[in-house]
Amino acid sequence: MKKVKADAYGYLKDMFSQHNMVKRTVLSFLSIIVMGFGISLFSVSGFGVDPFTSMNMNVASTIGLGFGTYQLIVNTAILLYVIIVAHRGLVGVGTVFNMVGCGYTCEFFESIFKPMVQGNYTLAVRVPLLLLGIIILCFACSLFFTANVGVGPYDALGFMLSRGIKLEHKWVRVITDVTVVLIGLVVSGGLNAVFKGEFDQVRNIGIGTIITAFCMGPLINWFNKHVSAKIFNVDYEKISKDVAFFMIKGAMVKNLKPAFVKSKSIDINASPYRFMK
């Protein structure tokens, strides 16, 4: 129990050692609301949603559970794995915001927009919804990641698996995205519909799913460099591709060093756990 308390204290100290923590926390929270708004536009457009959301929407509708509630359950299970089994450096207040708020926010906005487009569900309406959803979602993701107060449970899982199986994160992400899409298809009966050629029976998967899985990276990076970095007043060029490791790693190294180690002798790129040996 003492070790658990010490770990918890050390973790909180690490997290709150980041500069502008209040600003980062507030903007992280707001980014989740914007993210849910963007995902709801994807969903209402009828062109599909991102892979993880598609699985959760399909499973939730199949078992008769609300999307927000089901996503919270899945995220909680993933988060427990990350905290107990893997490295906790990716977990922060932003993780909690993402875990709890994203699904319910999407559900809320979707309940507003669906009645508005009923009876006028043409391509002239659906395509703008898709494009607007892409832009809004990419901006929200950029703001959330650059805030750097924790990543979403699903994103954290990808980082952990990548480190565990020694495979590049981009390939692990492709594998996990394909896996969750297949799970959603199987549970909802969509895979059987595909084999029968009844593609109109496939739910929450479409061109939007492909776009989010493969094409959002460049747009998110553009927002990182030209918008989010300026909002948070950080040097974009010094932020690693795995932005969630950036400030947290430095804070962990600093707070875990013993008293006899001088700050200037610390290599921020070294494993923060080497001082615990």
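Residues numbered from 1 in each chain as written. Predicted model: local features only at pLDDT ≥ 70, side-chain atom pairs only at ≥ 80, totals over all residues. Heavy atoms only, no water.

Q: Whenever I open this one, the overall build of the chain confuses me. Can you help?
A: Counting secondary structure elements, the chain contains 12 helices and zero strands. When the 277 residues of the chain are sorted by exposure, 47% land in the buried category. Residue pairs in contact within the chain that sit at least 24 positions apart in sequence constitute 73% of those at least 6 positions apart. Of the roughly 14600 Å² of accessible surface on the chain, 68% is carried by carbon and sulfur atoms. (Helix = DSSP H or I, 4+ residues; strand = E, 2+ residues; numbered from the N terminus. Buried < 20%, exposed > 50% of the residue type's maximum accessible area, 1.4 Å probe, protein only. Contact = heavy atoms within 4.5 Å. Areas by Shrake-Rupley, 256 points an atom, 1.4 Å probe, with all protein chains shown as cover.)

Q: Can you help me understand the environment of Thr212 in this one?
A: Among the secondary structure elements, Thr212 is positioned in helix H10 (residues 207–214). A residue is classified by how much of its surface remains accessible, and Thr212, at 13% relative accessible area, is buried. Sequence spacing of Thr212 and Leu137 is 75 residues, and the spatial spacing of their C-alpha atoms is 9.3 Å. Excluding its chain neighbours within four sequence positions, the residues that come into contact with Thr212 are Phe42, Val49, Asp50, Pro51 and Leu137.

Q: Please clarify how H10 should be interpreted in this entry.
A: Spacing of three or four residues puts side chains on the same side of an α-helix, whose turn is 3.6 residues. Residues of H10 that are buried: Gly208, Thr209, Ile211 and Thr212. The arc that holds every buried residue of H10, seen down its axis, measures 160 degrees, which confines them to one face. Those residues of H10 hidden inside the fold are in contact with helix H2 (21–45), helix H3 (51–63), helix H6 (123–147), helix H8 (169–188) and helix H11 (216–232). (Arc of directions from axis to C-beta.)

Q: I would appreciate a short explanation of the pattern of salt bridges in the present structure.
A: If the charged atoms of two oppositely charged side chains come close together, the side chains can form a pair. As enumerated under the stated definition, the model contains three salt bridges in all. Between Lys114 and Glu110 there is a salt bridge, and its shortest N-O distance comes to 3.5 Å. With a gap of four residues between them, Lys114 and Glu110 both fall in helix H5 (residues 93–117), about one helical turn apart. For Arg173, the salt bridge identified is with Asp155, shortest N-O distance 2.7 Å. In this pair, Arg173 sits in helix H8 while Asp155 sits in helix H7 (residues 153–165), placing the two residues 18 residues apart along the sequence. For Arg173, a relative accessible area of 26% corresponds to the partly exposed category. (Salt bridge = Lys/Arg side-chain N within 4 Å of Asp/Glu carboxyl O.)

Q: Which parts of the structure should I look at to understand the packing of aromatic side chains?
A: Two aromatic rings are characterised by how far apart their centres lie and by the angle between their planes. If you walk through the whole model with that rule in mind, you get nine aromatic pairs. Judged by centre distance (4.4 Å) and plane angle (10 degrees), the ring pair of Phe52 and Tyr154 falls under stacked. With Phe52 in helix H3 and Tyr154 in helix H7, this residue pair connects regions lying 102 residues apart in the sequence. As far as the burial class goes, Phe52 and Tyr154 line up, both buried. (Phe/Tyr/Trp six-rings, centres within 6.5 Å; stacked < 30°, edge-to-face > 60°.)

Q: Sorry if this is basic, but what is going on with a nonpolar patch on the surface here?
A: Residues Val22, Val26, Phe29, Leu30 and Ile33 make up a contiguous nonpolar surface patch of roughly 430 Å² in combined accessible area. With respect to the element layout, Val22 can be found in helix H2. Under the relative-accessibility criterion, Val22 is labelled exposed at 65%. (Patch = residues over 30% accessible without salt bridge, like charges linked within 9 Å, V, L, I, M, F, W, Y side chains within 5 Å.)

Q: What should I look at first to understand the nonpolar core in this one?
A: Ranked by size, the top nonpolar core spans 21 residues in total, and within it Met35 and Leu137 carry the most contacts. Where this core is concerned, the elements lending two or more residues are H2, H5, H6 and H11. If one sorts the elements of this core by residue count, H6 sits on top with seven residues. Setting aside residues no more than four positions away along its own chain, Met35 makes contact with Asn98, Cys102, Leu137, Ala140, Cys141 and Phe144. (Core = buried A, V, L, I, M, F, W, Y, C linked by side-chain atoms within 4.5 Å.)

Q: Would you take a moment to explain the environment of Phe97 for this structure?
A: Along the chain, Phe97 falls in helix H5. It is 9.4 Å that separates the C-alpha atoms of Phe97 and Val151, two residues lying 54 residues apart in sequence. Leaving out residues up to four positions away in the same chain, Phe97 has contacts with Thr25, Ser28, Phe29, Ile32 and Cys102.

Q: How do you make sense of the state of the cysteines when you look at a structure like this?
A: In protein structure, a disulfide is the covalent linkage between the sulfur atoms of two cysteines. In the structure shown here, the tally under the stated rule is zero disulfides. You can see Cys138 has no disulfide; the closest cysteine sulfur is in Cys141, sitting 6.5 Å from it. (Disulfide = S-S within 2.5 Å.)

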